[in-house]
Amino acid sequence: MGTDTAQGTAAGATALADRKREQRGWYFYDWACSVYSTSVLTVFLGPYLTSVAKAAADADGYVHPLGIPVRAGSFFAYTVSLSVIVAIFLMPLAGAAADRSGRKKPLLALSAYIGAAATTAMFFLNGDRYLLGGLLLVVANAALAVSMALYNSFLPQIAPPEERDAVSSRGWAFGYAAGSLVLVVNLVLYLAHDSFGLTESAAVRICLASAGLWWGAFTLIPLRRLRERRPVPAQGGGTGTTTGVRQLLATLKDMRRHPLTLSFLLAYLVYNDGVQTVISQASVYGSEELGLDQSALITAVLLVQVLAVAGALGMGRLARAYGAKRTILGSLVAWTVTIGAGYFLPKDSPVWFYALAVGIGLVLGGTQALSRSLFSHLVPAGKEAEYFSAYEMSDRGMSWVGPLVFGLAFQLTGSYRYAIVSLVAFFVIGFVLLARVPVRQAIRDAGNPVPTRI
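What counts and how
Residues numbered from 1 in each chain as written. Predicted model: local features only at pLDDT ≥ 70, side-chain atom pairs only at ≥ 80, totals over all residues. Heavy atoms only, no water. Helix = DSSP H or I, 4+ residues; strand = E, 2+ residues; numbered from the N terminus. Rg over C-alpha atoms; globule rule 2.2 N^0.38 Å. Buried < 20%, exposed > 50% of the residue type's maximum accessible area, 1.4 Å probe, protein only. Contact = heavy atoms within 4.5 Å. Areas by Shrake-Rupley, 256 points an atom, 1.4 Å probe, with all protein chains shown as cover. Lys, Arg positive; Asp, Glu negative; His and termini not counted. Charge placed at Lys NZ, Arg CZ, Asp CG, Glu CD. 1 Å grid on protein atoms, 1.4 Å probe; cavity = no way out; pocket = protein on both sides within 12 Å on 5 of 7 lines; lining within 4 Å. Points joined across faces, edges and corners; volume = space filled by probe spheres on them. Nonpolar A, V, L, I, M, F, W, Y, C, P; charged D, E, K, R; others polar.

1. Concerning the overall build of the protein chain
What the protein chain contains, in helices and strands, is 18 helices and 2 strands. Over its C-alpha trace the protein chain gives a radius of gyration of 22 Å, about what one expects of a compact globule, namely 22 Å for 454 residues. Each of the three principal axes of the protein chain carries a C-alpha extent, and together these read 80 × 45 × 45 Å. Every one of the 454 residues in the protein chain was classed for burial, and the buried ones make up 57%. Here the contacts in the protein chain between residues at least 6 apart in sequence split such that 84% fall between residues at least 24 apart. Within the structure as shown, the protein chain displays about 17,600 Å² of accessible surface, and the carbon and sulfur contribution to it stands at 66%. Each charge class in the protein chain was averaged separately, 36 positive and 25 negative side chains, and the resulting centres sit 9 Å apart.

Structure, rendered in structure tokens:
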């Protein structure tokens with residue numbers, strides 16, 4: 001009996017060590033790809049691609065991709081929206097294929113390295129090549145969405161229910177830490193570009209390309225440490241090879257058997273559309289409406305990254321005390337107040353923009369981390385990658401309604417202030433929708449164990 005107990009204890013310790021090692025490997029995909037989200041999508045590409053589009057614009061300030069008149073100032077926002085349409089075709093196919101085959105890692109590797117290659121190729125974005133910039137943005141953003149759907153789907157497999165809030169929060173914290181580290185290097189290169197014998201444009205293009213190299217290099221760690229699992233027979237069976245749209249409709253149809261999961265997803269898609277649009281368009285707002293230079297924008301984003309690490313970990317602790325749902329609802333109130341205040345920021349005053357960055361940073365990481373872990377409880381076994389492909393439609397810059405609303409608001413008014421304040425609606429509506437979701441019942445309906453506090 002004593003020998004059996006000792007063997008059981010040793011086996012348990014080994015299993016725990018293996019799980020912790022796999023979790024640490026999982027964190028490193030956040031570390032790898034978050035630099036793209038920070039340096040490329042949030043800081044450099046928006047203002048830079050807008051300037052490239054303006055260089056190609058006609059006398060009235062319009063560019064004409066495929067003959068369609070578009071304000072140069074709206075081109076970046078519209079391109080982000082287009083990338084989501086492409087991702088909608090790809091994510092459901094990749095998610096369903098991963099669940100049925102049990103081979104998530106090859107699909108994760110393929111999507112990650114396509115995105116990393118497209119990002120590295122942004123080094124060649126100069127002059128008036130706005131169409132090249134738009135194409136690379138669409139490819140990189142869509143590839144990121146597919147890879148994140150696959151990456152997120154590992155969470156229920158590597159962490160038991162009671163660990164998921166903490167594991168998800170650490171993953172986001174890793175990502176923001178990497179974003180902060182690389183952004184400091186970018187800031188030095190950008191501000192001292194003359195000392196390095198570089199033009200401002202060349203410095204920006206190096207920063208863009210370096211994000212792709214970083215993404216590719218650190219993706220090797222999760223690919224080595226994550227383990228494939230034998231596919232779990234999923235409720236409702238599966239369909240054969242089909243188109244991306246049909247697969248998405250099949251996934252949503254399957255979700256109808258779990259209406260509370262679908263209700264949470266709807267709330268998440270609404271409020272996170274607002275979150276992602278703020279992330280992707282804040283630098284455009286700061287440069288074009290407030291007249292801030294690139295160094296001020298980088299400093300503000302660096303503030304967001306540093307505080308988001310603390311925010312993700314701090315809100316993870318709040319979730320242990322008050323539950324993930326209540327903590328997310330509180331963060332949506334903070335988002336509403338912060339973005340509403342952004343409308344009143346004075347021009348040429350970086351201090352107030354920094355204050356806005358502090359407010360965003362404190363709630364950003366926690367909102368995202370807790371939403372991911374909460375959704376993981378609502379996914380039926382065997383459907384992780386498929387369901388997370390739908391979840392990913394509004395994550396990591398993959399929102400589409402928000403950028404579209406932002407772009408249209410600017411196109412119709414010519415003011416980025418109206419564009420930024422229009423995003424408040426996403427947080428208010430998202431709050432109302434989330435408040436109505438009984439998450440404990442949703443977890444039970446998905447066939448999963450209910451944590452003590454959720």
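2. Overview of the layout of surface pockets
What the largest pocket holds in volume is close to 360 Å³. Lining of the largest pocket is provided by Pro 65, Leu 66, Ile 68, Val 70, Phe 75, Tyr 78, Thr 79, Leu 82, Leu 131, Gly 134, Leu 135 and Val 138. Among the secondary structure elements, those contributing two or more residues to the lining of the largest pocket are α2 (75-101) and α4 (130-152). For the lining of the largest pocket, a count of residues per class yields 10 nonpolar, 2 polar and no charged.

3. Brief notes about empty space enclosed by the protein
Under the counting rule described, the total for this entry stands at 1 cavity of 30 Å³ or more. One number sums up the size of the largest cavity: a volume of about 370 Å³. Lining the largest cavity are 29 residues; nearest its centre among them are Thr 42, Ile 279, Val 304, Gln 305 and Leu 364. For the lining of the largest cavity, the secondary-structure elements that each account for two or more residues are α1 (2-56), α6 (164-191), α10 (259-289), α11 (294-322), α12 (324-342) and α13 (350-377). For the lining of the largest cavity, the residue count by class is 17 nonpolar, 11 polar and 1 charged.

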